[in-house]
Amino acid sequence: MAGKAGGSVFQRIEKKYMLSREQYEALLVRITPYMAADEYGLSKICNIYFDTETDELVRASNEKPLFKEKLRLRSYGTPRREDTVFVEIKRKYAGVVYKRRISLPLCEAEDYLLRGVRPEQDSQILREIDYFLAFYRPEPKLYLAYDRTAWYGRQDAQFRMTFDSNIRSRRERLSLELGDEAEPLYDFPYQLLEIKAAGAYPLWLTEALTGLCIYPVSFSKYGTIYRKEQAEKAVLREAAAAREESTQLAASDRLNSGCFDIGVGENTGGAGEWKADYTGCELINKKEKGNKSNVYQYN
């Protein structure tokens, strides 16, 4: 079945906030007169993030540049091969987010992204994704899922607020159809609020956020997971270096205690006959003819 590579475009300002349980519950009370909950209730958002072999995209994103972009494959829930998923390019420039995406069956999306089999139908967004793939040569790097509740403005449906929790990821089994079993980000007791607006916030929301001491934060799910992994690798490297140093110190201690292997001098042919000065040492383990060292110990 040929996929309908139809696309959609979003341009908006997105800001993120970390909410404690108390802030979350209090904010829900304040937004209810102005916002309507999504009819699907709690949803499971599943993503495969693509990056270069050297993680160029996430590393650049963590440096907080003026412009950044990423590619992901997204589904709402765990899809089957024939279910619709979304191939998305998300760009951010000077604080404004531009998201462009096409919808395809999962099987066609994977054929396109992993095997270069282009969908039959054409579109401007598909050509943009073509360019991204040709330029970066990305590969699937991370499965990332979270649970989300979404709210929409009662008067402006484009004004959205989403609350994400239970952020989890894995580096293996990088397919959306393989379920959402993954490792939690860490002890994450917060709700991650994202406010998505085309312009200024309404006064009632500004007053609610200020009254509850809720302030914007810089937070990237993929970027945070990458930094966490790099920190864990650094700890392992430090532990390995410490073990190596400990081994070397132990060897040095043995040397200083007076027992060591001597590998200098030249064997003249007779067992134990060396052209070296071992004055003050006692031969405690004479090697056989042809070996390169004897073990001596200071008297």
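The structure this text deals with has already been given above.
The structure presented is a predicted model; accordingly, all values stated were derived computationally and were not measured.

**Structural notes on the layout of surface pockets**
To find the voids left in a structure, one rolls a probe of water-molecule size over its atoms. A volume near 640 Å³ is recorded for the largest pocket. When residues of the lining of the largest pocket are traced back to their parent elements, those giving at least two are strand S1 (7-19), helix H2 (56-62), strand S4 (67-76), strand S5 (84-93) and helix H6 (221-256). Per-class residue counts for the lining of the largest pocket are 10 nonpolar, six polar and 11 charged. Roughly 400 Å³ of internal volume is contained in the second largest pocket. Contributing to the lining of the second largest pocket are 19 residues, with Asp 38, Tyr 76, Arg 101, Tyr 152 and Arg 160 lying nearest its centre. Where the lining of the second largest pocket is concerned, the elements lending two or more residues are S1, strand S3 (43-51), S4, strand S6 (96-105) and strand S7 (139-153). Top element by residues in the lining of the second largest pocket is S7. It accounts for four residues. Of the residues in the lining of the second largest pocket, the class split is eight nonpolar, three polar and eight charged.

**Quick look at empty space enclosed by the protein**
Tallied over the full model, the rule gives two cavities of 30 Å³ or more. The wall of the largest cavity is formed by 16 residues, among which Tyr 49, Arg 72, Lys 90, Glu 194 and Lys 221 lie closest to the centre. If you list the elements that add at least two residues to the lining of the largest cavity, you get S1, S4, S7, strand S10 (191-197) and H6. Of the residues that constitute the lining of the largest cavity, the class distribution is three nonpolar, one polar and 12 charged. Looking at the second largest cavity, its volume works out to about 50 Å³. Along its surface, the second largest cavity is lined by Ile 48, Phe 50, Leu 73, Glu 110, Leu 113, Leu 114 and Leu 174. For the lining of the second largest cavity, the residue count by class is six nonpolar, no polar and one charged.

Parameters at a glance
- Residues numbered from 1 in each chain as written.
- Predicted model: local features only at pLDDT ≥ 70, side-chain atom pairs only at ≥ 80, totals over all residues.
- Heavy atoms only, no water.
- 1 Å grid on protein atoms, 1.4 Å probe; cavity = no way out; pocket = protein on both sides within 12 Å on 5 of 7 lines; lining within 4 Å.
- Points joined across faces, edges and corners; volume = space filled by probe spheres on them.
- Helix = DSSP H or I, 4+ residues; strand = E, 2+ residues; numbered from the N terminus.
- Nonpolar A, V, L, I, M, F, W, Y, C, P; charged D, E, K, R; others polar.

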